Amino acid sequence: MPKRFIAVMDSNLSRFTIPKRSSCSTTQNLYVANCGPAVGVSFKDIESVFGMFGEVIGIYPADETGARVIVCFSELKSAEEAFHALNGRGCGALGGRILHIRYSIPQQPPKANNNDSISVSLVSSELAIPGIYLVHDFITSQEEQELLAAVDCRPWKNLSKRRVQHYGYEFLYETRNVDSKQFLGELPSFVSPIIEKISSFQGRGDYKSQLVDQLTVNDYPPGIGLSPHIDTHSAFDDMIFSCSLAGPCVMEFRKYTQSNLFNTKSSQECLNSSRKAIFLPPRSMLLLSGEGRYAWHHYIPHHKVDIVGGEMVRRCSRRVSFTFRKVRSGPCHCEFAQYCDSRKLN
Ligand SMILES: O=C(O)CCC(=O)C(=O)O
Ligand SMILES: [Fe+2]
């Protein structure tokens, strides 16, 4: 499939909406729920299934969950045929997954919203999301400089807005998973001090070799953020550790509920109810676990300036994060089934 058909950028979110009587009014765009990278269905798979009914001219995430997509056909007839053949039925080519389909229409981009800012917590107790902990000054300035120097003399891989390095296992952005059969080797020795600290922080010194085995280093230019996501449940164990270096950022969290599945309200209305933010200074360590890791989307808004405690904080330097995870060896058994790609969602 040509690359231009696969859209994973924020700017495509909310470009489509579902008409009120969506199963009656037909358009050539289909909103397809229970389908997408977060539930193990790649954009290529979607294109090959829907492509059987006619020319597919675009596939977009319908929202930030990774489990709902918009499939655009060039012709109405193809969308109708796909709707009738696939809606509410188990799709053999997608592992028997039942697709929930509505017709979808393009919508006007929302007007600029001045109420976009929310209060930014400085400590995780104030954030009050179960399982999310922030430790300030987790590493020293000298350790920070050594870690930055180590990654800066290794090759970076360019993504559209930031650069990354992967250790232990390569992270595959299209599936939001790792290729667990392709072990790249032990984590490099320059992160040993950080792993020691993670182990003692967790009181699990005896098991430190088991604690984490995958590292993603992200290098964000000033003002650049990260799209909303939940790290794929089936890909990684419960605890995800992210250490901030060089510059600060504000990380936001959103919790969606199942009732959003076919919600026709504007996404902004749904999101405001459970949206929180925390300031991540350089040298701090963030732990995502439990509910915070499994049920809340995390993301970094693209901002040049953040308002923290009433003060303007400029993001004038790069931010580098070291995210440590443990690749999961069996299915996820979390208690958050509605967000879990190891379970069938239907
Ligand atoms: O930059 C960060 O702190 C977070 C990175 C992240 O969420 C991820 O790699 O999944
Ligand atoms: Fe993440």
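These lines cover the structure that appears in this document, whether it is placed above or below. Just so it is clear, the structure is predicted and the values come from calculations on it, not from any experiment.

If you check which residues of helix α1 (residues 43-50) are buried, you get F43, I46, V49 and F50. One face of α1 carries all of its buried residues, which in axial projection span an arc of 125°.

Bringing the site of ligand 1 into the picture now. Close to ligand 1 lie N218, Y220, L226, H229, D231, S242, M251, H298, R319, S321, T323 and R325. At 3.3 Å, a side-chain N or O of R325 approaches an oxygen atom of ligand 1. Alone, ligand 1 offers 300 Å² of accessible surface; in the complex the protein occludes 93% of this. Those elements that place two or more of their residues in the shell around ligand 1 are β14 (214-220), β15 (226-229) and β23 (319-325). Of the residues forming the shell around ligand 1, the biggest block, four residues, is contributed by β23. Grouping the amino acids of the shell around ligand 1 by side-chain chemistry returns three nonpolar, six polar and three charged.

This part is about unusual backbone geometry. The phi torsion at R176 lies on the positive side, around 55°, for a residue other than glycine. On the accessibility criterion, R176 (24% relative accessible area) is partly exposed. We note that A246 has phi near 75°; this positive angle belongs to a residue other than glycine. With respect to the element layout, A246 can be found in the loop between β16 (240-245) and β17 (249-255).

Now for the packing of aromatic side chains. Applying the stated criterion across every chain, the model contains seven aromatic pairs. Between Y169 and F183, the ring centres sit 5.3 Å apart and the planes meet at 45°, which makes this aromatic pair tilted. Here F183 lies in strand β13 (residues 177-183) and Y169 lies in strand β12 (residues 169-172), a separation of 14 residues in the sequence. Look at Y169 and you get buried, because its relative accessible area is 12%. A connected cluster of aromatic rings, assembled from ring pairs, spans F171, Y173 and F236. The ring of F171 carries the charged tip of R325 above its face, separated from the ring centre by 5.0 Å. Positioned over the ring face of F236 is R325, at 4.2 Å from the centre of the ring.

Judged by pairing direction, the sheet is antiparallel, and its seven strands sit side by side in the order β9-β19-β16-β23-β14-β11-β10 without closing on themselves. The open sheet is flanked by β9 (132-135) and β10 (157-158), the only strands paired with a single partner. Across seven bridges, the pairing between β14 and β23 is antiparallel. Residue L215 lies in a different strand from β23, and its bridge partner there is F324.

The subject of this paragraph is the sheet that holds β15. Strand order across the open sheet formed by five strands is β8-β18-β17-β20-β15, with mixed pairing between neighbours. This sheet does not close on itself; its edge strands, each paired only once, are β8 (120-121) and β15. The pairing of β17 with strand β18 (residues 275-280) spans six bridges and is classified as antiparallel. Within β18, the position partnered with E252 by the bridge is A277.

Turning our eyes to something else, we now look at empty space enclosed by the protein. Applying the stated rule across the entire model yields one cavity of 30 Å³ or more. Considered as a void within the structure, the largest cavity measures approximately 50 Å³ in volume. Along the walls of the largest cavity sit Y220, P221, P222, G223, I224, P248, C249, I300, R315, S317, R318 and R319, which together make up its complete lining. Counted by class, the lining of the largest cavity contains seven nonpolar, two polar and three charged residues.

Rules behind the numbers
- In this convention, every chain numbers its residues from 1, walking through the sequence in written order.
- The order in which chains are written sets their letters, starting at A; the order in which ligands are written sets their numbers, starting at 1.
- Totals for whole chains, interfaces and linings use all residues, but because this is a predicted model, local features are given only for residues with pLDDT of at least 70 and pairs of side-chain atoms are given and counted only at 80 or more.
- Calculated side-chain values reflect all of the structure's heavy atoms, with hydrogen atoms and water omitted.
- Between buried and exposed lies partly exposed: a residue is buried under 20% and exposed over 50% of the maximum accessible area for its type, with that area taken using a 1.4 Å probe on protein chains only.
- Elements are defined by DSSP. Helices are runs of H or I of four residues or more, strands are runs of E of two residues or more, and each kind is numbered from the N terminus.
- Here the arc refers to the set of directions running from the helix axis out to each C-beta atom.
- To be near a molecule or strand, a residue needs just one of its heavy atoms within 4 Å of it.
- Pairs of N or O atoms are called polar contacts if they sit within 3.5 Å, as long as, within protein, a hydrogen donor faces a hydrogen acceptor (for residues adjacent in sequence, only side-chain-to-side-chain pairs).
- In short, Shrake-Rupley with a 1.4 Å probe defines the accessible areas, and a residue's cover is counted only from the protein chains shown.
- For this scheme, ten residues count as nonpolar: Ala, Val, Leu, Ile, Met, Phe, Trp, Tyr, Cys and Pro. Four count as charged, namely Asp, Glu, Lys and Arg, and the remainder, Gly too, count as polar.
- Classification of ring pairs rests on two measures: the distance between centres of Phe, Tyr or Trp rings, Trp counted by its six-membered ring, which must be within 6.5 Å, and the angle between planes, read as stacked under 30 degrees, edge-to-face over 60 and tilted in between.
- Sitting over a ring, as applied to charges here, requires NZ of Lys or CZ of Arg to be within 6 Å of the ring centre and within 35 degrees of the ring normal.
- Any two strands are treated as partners once DSSP identifies two or more bridges connecting them.
- Using protein atoms alone on a 1 Å grid, points that fit a 1.4 Å probe yet trap it form a cavity, whereas open point sets bounded by protein on both sides within 12 Å along at least five of seven lines form a pocket; residues with an atom within 4 Å of a point count as lining.
- Grid points are joined across faces, edges and corners, and a volume is the space filled by probe spheres set on the points.

By themselves, these observations are geometric and do not establish any function.
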